[in-house]
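# Commentary on secondary and tertiary structure
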Amino acid sequence: MVFLFSRIKGMLFLLFLPCFCSGQPAPPPLRFSTFLDPSNMAYLRWDHDEQELMSFELRVHTTGWVAFGFSPHGELPGSDIVIGGVFPDGSIYFSDYHVVDEATLEEDDSQDYQLLSVTENETSTTMVFKRHLRTCDPNDLDITVRKGTAQFAVPLEETKYACTFIPLPMVNQKHHIYKFEPVITPHNISLVHHILAYACGNASVLPSGIGDCYGANPDFALCSQVLVGWAVGGESYQFPDEAAISIGTPWDPQYVRLEIHYSNFDLLPGLIDSSGVRIYYTPELRKYDVGVLQTGIFTFPVHFIPPGAESYRSYGLCNSSQFDEMNGMLVPDLHVFAYLLHTHLSGRGVKAAQYRNGEQLRIICEDDKYDFRLQEIRDMKETLIIKPGDEILVECSFQTLDRSGITFGGPSTRNEMCLTFLFYYPRNNISSCMGYPDILYVAHVLKQEASDALEGMMAMDFVDWDNETVKIAEKAAKEADQVVMIKTINELQRNETGLIRDISIPERAACHNISGYLSLSGLRATANLRLTAAGTSESSTTKETASLPLLSLTQLVFAWLILASEERK
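Presented here is an overview of the structure given in this document. (Residues numbered from 1 in each chain as written. Predicted model: local features only at pLDDT ≥ 70, side-chain atom pairs only at ≥ 80, totals over all residues. Heavy atoms only, no water.)

## Digging into the packing of aromatic side chains
For clarity, the threshold we go by: Aromatic rings from Phe, Tyr and Trp, taking only the six-membered ring of Trp, are treated as a pair when their centres fall within 6.5 Å; an angle between ring planes under 30 degrees marks them as stacked, one over 60 as edge-to-face, and anything in between as tilted. Secondary structure follows DSSP: runs of H or I at least 4 residues long count as helices, runs of E at least 2 residues long count as strands, and numbering of each begins at the N terminus. Relative accessibility under 20% of the residue-type maximum defines a buried residue, over 50% an exposed one, and the middle range a partly exposed one, all with a 1.4 Å probe and only protein chains included. For a Lys NZ or an Arg CZ to count as sitting over a ring, it must be within 6 Å of the ring centre and within 35 degrees of the ring normal.
Per the stated rule, a full pass over the model turns up 20 aromatic pairs. Look at Y178 and Y280: their rings are 6.1 Å apart centre to centre, the planes differ by 45°, and that puts the pair in the tilted class. Taken as a pair, Y178 in strand 15 (residues 175–183) and Y280 in strand 23 (residues 276–282) lie far apart in primary sequence, 102 residues in all. Summarising the burial analysis for this pair, Y178 and Y280 share the class buried. Considering the side-chain rings of F304 and Y312, the 6.2 Å spacing of their centres and the 40° angle between planes classify their relative orientation as tilted. Overall, the relative accessible area of 3% leaves F304 in the buried class. Looking at Y312, the relative accessible area reads 1%, which means it is buried. Clustering of aromatic rings is evident, with ring pairs tying together F180, Y237, F239, Y288, F337, F423 and Y425. Above the plane of the ring of Y198 lies R257, whose end atom (NZ or CZ) is 4.2 Å from the centre.

## Description of the sheet that holds strand 18 (residues 225–231)
Applicable threshold: A pair of strands is treated as paired once DSSP finds two or more bridges between them. Convention adopted: a line fitted to C-alpha atoms gives each axis, helices being fitted over their contacting stretch, and angles between N-to-C directions are expressed from 0 to 180 degrees.
Read from one edge to the other, the open sheet built from five strands follows the order 17-14-21-16-18, with strand pairing classed as antiparallel. At either end of the open sheet lies a strand with only one pairing partner, and these are strand 17 (210–212) and strand 18. For this sheet, the mean angle separating the axes of adjacent strands, direction not counted, is 20°. With nine bridges connecting them, strand 14 (residues 159–167) and strand 21 (residues 255–263) associate as antiparallel partners. If you follow K160 over to strand 21, its bridge partner there is Y262.

## Details of the nonpolar core
The test is simple: Note on terminology: a nonpolar core comprises buried Ala, Val, Leu, Ile, Met, Phe, Trp, Tyr and Cys residues joined through side-chain atoms within 4.5 Å. Any two residues whose heavy atoms approach within 4.5 Å at even a single point are treated as in contact.
Counting 62 residues, the largest nonpolar core has F304, I364 and W465 as its most contacted members. For this core, the leading source of residues is strand 32 (residues 391–398), giving five residues. Excluding residues that lie within four positions of it along the chain, I364 makes contacts with A352, A353, Q354, M380, L384, I386, I392 and L422. Counting residues in hydrophobic clusters, the runner-up holds 54 residues, among them C213, V226, V228 and L340.

## Quick word on a nonpolar patch on the surface
Basically, it comes down to this: Within the patch definition used here, like charges are joined within 9 Å and nonpolar side chains (Val, Leu, Ile, Met, Phe, Trp, Tyr) within 5 Å, considering only residues with over 30% relative accessible area and no salt bridge. To be clear on the numbers: accessible area is Shrake-Rupley with a 1.4 Å probe, and residue cover counts the displayed protein chains and nothing else. Each salt bridge in this description consists of a side-chain nitrogen of Lys or Arg and a carboxyl oxygen of Asp or Glu lying within 4 Å of one another.
A cluster of nonpolar residues, Y441, V445 and I472, forms a patch on the protein surface that exposes about 210 Å² of accessible area. Counting through the fold element by element, I472 comes out in helix 4 (residues 467–479).

Shown next as structure tokens:
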């Protein structure tokens, strides 16, 4: 996606040798950061203020003195360097230098870097210092902050979920994000599967750097309330006139977790990606704040689809009876105005139904000809209301005729998901409400032995799958108790149980056949008229343009662009 990013002009380089260090308290947290080397041994954080003062925090995985510098051309001669450390007796040294040639390092007459602290632990040395963007010393290189995007080196893995935590734009009053749009690197259109920004609770303790979203460190999976998102086939989206996403108040998130899913099935080497999402925001406020509720099947750990299935239906239940308590206050009615459906490659259909007091009210949304390549946010024909206490049931149908093994729920495009994102207003603190079946019940119905959920999932591999067992599994998963998991933006989680109800499909409107009333010449005339109208429309259409300042922010080597606007469309 695209977010606030500053790039420092010139090449950065490091030298380090052992020392023992101590120092002063560190300055406030800095917004921007990146690793300076492929091995992630040297980590730089930086920021700049309105007084054009640049602050740096350099942490190197070494117990040595550190040097940091700028080069106008990537070579040592002509470079502007600062070196710091602590002598064995505890005294600190820190000085501003410049490189004359490959063998000569001279101390500047004008010392324009200010040391804030030098610290050391058993594994690393950290130096914190600051300098104005432009000094009067001819031996100091000017630091320029420019607009741009970072590049991410996609690893040689079939599936990569890369996450990092990025601050939202800092504004001194409430603003509304009223539009976002994807910016996908053209040659990577088949590589980027989806991009999501999750709002973080302001009490969350977030990790630094970049990590696997769902890997060994669970902290990189923190923050679960979707703010904006894009998936394959999606386009730009503008919120309705009455609502938009709020930023800038004490109740709004200050950070987001940026998640980019890459699918590199062919294990192509050397792939570089700069994809992102532009976000437009304005101080001209709308009446309501937008929220996003994630519903469907909880992907881990018990979602599965049998092989060789012409059609297999899975269900995920949301029971909103505890929304008020988990929200910390009464939850207003949710006015749903748009939705996004999501499965992976074996998905063939998705629908969501609404129930109140055990009775089905309506089909909220559906697509019985779901296409993985066309995942777009779709507006409701009319805004509908979900009240606290209502149930939302998501049904996904899958086809696995081309698969010989179980398809499990999971992050890979070869795994499966079953999700419906509901866009609504006014916003509350509930981020997700998803369900999954009691897998032990399903395993026992299939006459498999299992004593816990893990054994229940493993037992699916021992089933002799055919049309009959596929139908037995589908029926058992629907009859089983559903575990409903509800989570808030502050990571408060609560589980309850529920049952899957039948979904009644309303009668479709009668079709109309007018072909008998048109002559062949009339059909040709109509076709010509349509072609003429289409040509006229295309020639007169002008693309939306916006002269907006593009600010970008590198969070490690990630690319998320935010287009900041102080104008309303």
